[in-house]
Amino acid sequence: MKPFAYTDSIALAELPDHLDENCRPIAGGTDLLPRLKAGISRADGLIDLRGAGLSDAITKRDDTVSIGALASLSTIRECLLLQRLYPMLPQAAALAATTQIRNRATLGGNLLQRPRCWYYRDPDLTCWLKQSRDGPPPTAGEPCPARSGRNSRHAIFGESVCRAVHPSDLAPCLVAAGAQVRLRGRTGERVVPIDRFFREPGDDHRRETVIHATEIVEAVDLPIPAGNTRSVYVKSMERSAWAFALVSCAMQIEFDHDAETIRSARVVLGGVATIPWRLPGLEAALRGMHPGDEPAWDAIQEAVSSAQPLAENRYKVRLSARLLGQALRTLGARTGASRGGEM
Ligand SMILES: Cc1cc2nc3c(=O)[nH]c(=O)nc-3n(C[C@H](O)[C@H](O)[C@H](O)COP(=O)(O)OP(=O)(O)OC[C@H]3O[C@@H](n4cnc5c(N)ncnc54)[C@H](O)[C@@H]3O)c2cc1C
Ligand code: SF4
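S.K.: Which residues make up the site of ligand 1, and what are the values?
M.R.: Taken together, 29 residues form the shell around ligand 1, and within it Gly28, Ala105, Gly108, Gly109 and Asn110 come nearest. Breaking the shell around ligand 1 down by element, the ones donating at least two residues are β2 (23–26), α6 (99–104), α7 (107–112) and β8 (216–223). Looking at the shell around ligand 1, the element that brings in the most residues is α7, giving four residues. Along the lines of polarity and charge, the residues of the shell around ligand 1 split into 16 nonpolar, nine polar and four charged.

S.K.: Please give an account of the sheet that holds strand β11 (residues 262–270) that cites residues and values.
M.R.: The strand order across the open sheet formed by four strands is β9-β10-β11-β12, and the pairing between neighbours is antiparallel. The open sheet has two edge strands, β9 (229–236) and β12 (277–278), and neither has a second partner. Contacts from helix α5 (residues 88–95) reach β9 and β10 (247–255), with the element oriented near 20° to β9.

S.K.: Before we move on, can you summarise the site of ligand 2 with the specific residues and values?
M.R.: Around ligand 2, the structure places 14 residues, and the nearest of them are Cys117, Tyr119, Cys127, Cys144 and Cys162. Mapped onto the shell around ligand 2, the elements with two or more residues apiece are α8 (118–121) and α9 (145–148). Among the residues forming the shell around ligand 2, the class breakdown is 12 nonpolar, one polar and one charged.

S.K.: Before we move on, could you go through the environment of Ala321 and cite the residues and values that matter?
M.R.: Along the chain, Ala321 turns up in helix α14 (residues 315–335). Along the sequence, Ala321 and Ile300 sit 21 residues apart, while their C-alpha atoms lie 6.1 Å from each other. Apart from the residues lying within four places of it in its own chain, the contact partners of Ala321 are Ile300, Gln301 and Val304.

S.K.: Which residues make up the nonpolar core, and what values do they have?
M.R.: Core analysis: the biggest nonpolar cluster contains 98 residues, and Ala92, Cys173 and Met251 have the highest contact counts within it. For Met251, the residues in contact, after removing those within four places along its chain, are Ala176, Ser231, Val232, Ala265, Val267, Ala327, Leu328 and Leu331.

S.K.: Just give me the short version of the domain arrangement of the protein chain, but keep the residues and values in it.
M.R.: Segmentation of the protein chain into domains returns domain 1 (58–112 + 170–223) and domain 2 (229–335). Its C-alpha centre places domain 1 at a distance of 21 Å from the equivalent point of domain 2. In this complex, domain 1 contributes 21 residues to the contact, which on the side of domain 2 involves 19 residues. Elements represented by at least two residues in the side of domain 1 that touches domain 2 include exactly α5 and α10 (170–176). No other element matches the five residues that α10 contributes to the side of domain 1 that touches domain 2. Residue composition of the side of domain 1 that touches domain 2, by class: 14 nonpolar, three polar and four charged.

S.K.: Can you lay out the sheet that holds strand β7 (residues 188–193) for me, pointing to particular residues and giving the numbers?
M.R.: Here we have five strands laid out as an open sheet, ordered β4-β5-β8-β6-β7, and antiparallel in their pairing. Two strands bound the open sheet, and with one partner strand each, they are β4 (58–61) and β7. Taken pair by pair, the neighbouring strands of this sheet meet at an average axis angle of 25°, ignoring direction. Relative to strand β5 (residues 64–68), β4 is paired through four bridges, and the arrangement is antiparallel.

S.K.: I'd like to hear about α5, residue by residue, with values.
M.R.: Burial of α5 is extensive: seven of the eight residues sit out of reach of the surface. Within the span of α5, buried status applies to Met88, Leu89, Pro90, Gln91, Ala92, Ala93 and Leu95. Buried residues along α5 sit in contact with α3 (73–78), α4 (80–85), α6, α10, β9 and β10. Of the residues trailing α5, Ala97 is marked for its positive phi of about 50°.

S.K.: Tell me what's going on with unusual backbone geometry, and back it up with residues and numbers.
M.R.: Of note, Asp62 is a non-glycine position whose phi angle comes to about 50°, a positive value. For Asp62, the position within the fold is in the loop between β4 and β5. For Asp62, a count of 5 C-beta atoms within 10 Å translates into the label exposed. Positive phi, normally seen in glycine, also occurs at Trp242, with a value near 55°. Within the secondary structure, Trp242 is located in the loop between β9 and β10. Classification of Trp242 as exposed rests on a count of 12 C-beta atoms within 10 Å.

S.K.: Explain the environment of Gln301 to me, and be specific about the residues and the numbers.
M.R.: The residue Gln301 is located in helix α13 (residues 294–304) in this model. Its 13 C-beta neighbours within 10 Å are what place Gln301 among the partly exposed residues. Considered as a pair, Gln301 and Ile47 are 254 residues apart in the sequence and their alpha carbons are 47 Å apart.

Conventions adopted
- Numbers given for residues are sequential positions, taken from 1 along each chain in its written order.
- To read the labels, note that chains go from A and ligands from 1, taken in the order they are written.
- Given that this is a predicted model, residues contribute local features only at a pLDDT of at least 70 and side-chain atom pairs are listed and counted only at 80 or more, while totals for whole chains, interfaces and linings are drawn from all residues.
- Any residue qualifies as near a molecule or strand once its backbone-derived C-beta atom lies within 6 Å of it.
- Secondary structure follows DSSP: runs of H or I at least 4 residues long count as helices, runs of E at least 2 residues long count as strands, and numbering of each begins at the N terminus.
- Asp, Glu, Lys and Arg are counted as charged, while Ala, Val, Leu, Ile, Met, Phe, Trp, Tyr, Cys and Pro are counted as nonpolar; the rest, among them Gly, fall into the polar class.
- The pairing criterion is simple: DSSP has to find at least two bridges between the two strands.
- We call two residues in contact when their backbone-placed C-beta atoms lie within 7 Å.
- A fitted line through C-alpha atoms serves as each axis, taken over the contacting stretch for helices, and the angle formed by two N-to-C directions is quoted from 0 to 180°.
- Each nonpolar core reported here comprises buried Ala, Val, Leu, Ile, Met, Phe, Trp, Tyr and Cys residues connected via C-beta atoms within 7 Å.
- Buried means a residue has 20 or more other C-beta atoms within 10 Å of its own C-beta, exposed means 12 or fewer, and partly exposed covers the counts in between; C-beta atoms are placed from the backbone.
- For each domain, the first and last residues come from an automatic or database assignment.

Below is the structure:
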């Protein structure tokens, strides 16, 4: 492992002045340290966010719930306020990783963890995504070896050359909740809607978010949902613990006063694209329906029909549809609106 300088004594206000491509922030270290050890990522210096006074608190004020970037996945899992207002979020935290990792891993790090693509994680290989400051220098050859290689875990949606999937379980839930990400940089604070915080990697931008090297995530703010709102997170894994999502689904639905008709929905898939993948067509189609209606199933089939699977991951299309159906049925059952449709 290449040596690096380490400090935990830089105050929050000065932190952005010290950060750049060579000097990176570290929180729980559960993603960054393995990357540094393997030589996949490089840093000459690390600044520990735990010494900077960054918040790990979950607080409610007026119409917003704020989660500090240092909140651990265990804290998110156990928070009664989140369980009441956004049950999908604690459910996602509970299904992520292991107890030990959840105790250490933070919200900020979870959103900014890098892909688990086996080509990306292999220190002896390079690829299109690693051809950045974050990895070894470019080599000639196929830009994305996953496209014609082993791609059973890879993306089925998206335009990027990269077909790695976003590994976070929390991210789809935060997109479904309509969260905003509060960033702190050298010129102060900026707030980015989470839909725009995640961005598919492109030639000018070989990473999955819009955060700059001199910025940190300070907190994530969630609007308090209207009454009659329910949410759920479902995740398909290769084994029942300690596994990233093959496919996952976060769904938040606001029901009408009859508690049966869908007034609005936010529907996001995980494990299917380089970023959490929202399904606006399905969201629009669900408006006015009941969760158990036959047309809801047709709308789900329509939503996944635009997927472009690779040779080994066609199963993800069907799995996406099944998880969407399961999420809808679960929320319908909780409001008494399920009519036992065949989903
Ligand atoms: C065995 C194993 C299984 C796992 N399973 C799952 C799973 O099922 N689901 C899942 O969602 N995750 C899973 N993970 C990933 C884990 O959740 C992440 O590693 C963790 O959330 C990262 O948080 P951290 O605080 O340790 O981040 P770090 O490793 O400290 O940082 C990760 C990245 O984010 C940057 N960073 C961290 N905090 C900030 C901030 N506030 N502002 C700016 N940049 C920041 C760092 O510079 C670094 O690039 C697993 C990890 C392991 C090792
Ligand atoms: S999917 Fe992305 S990370 Fe994986 S090999 Fe292709 S370009 Fe690299």
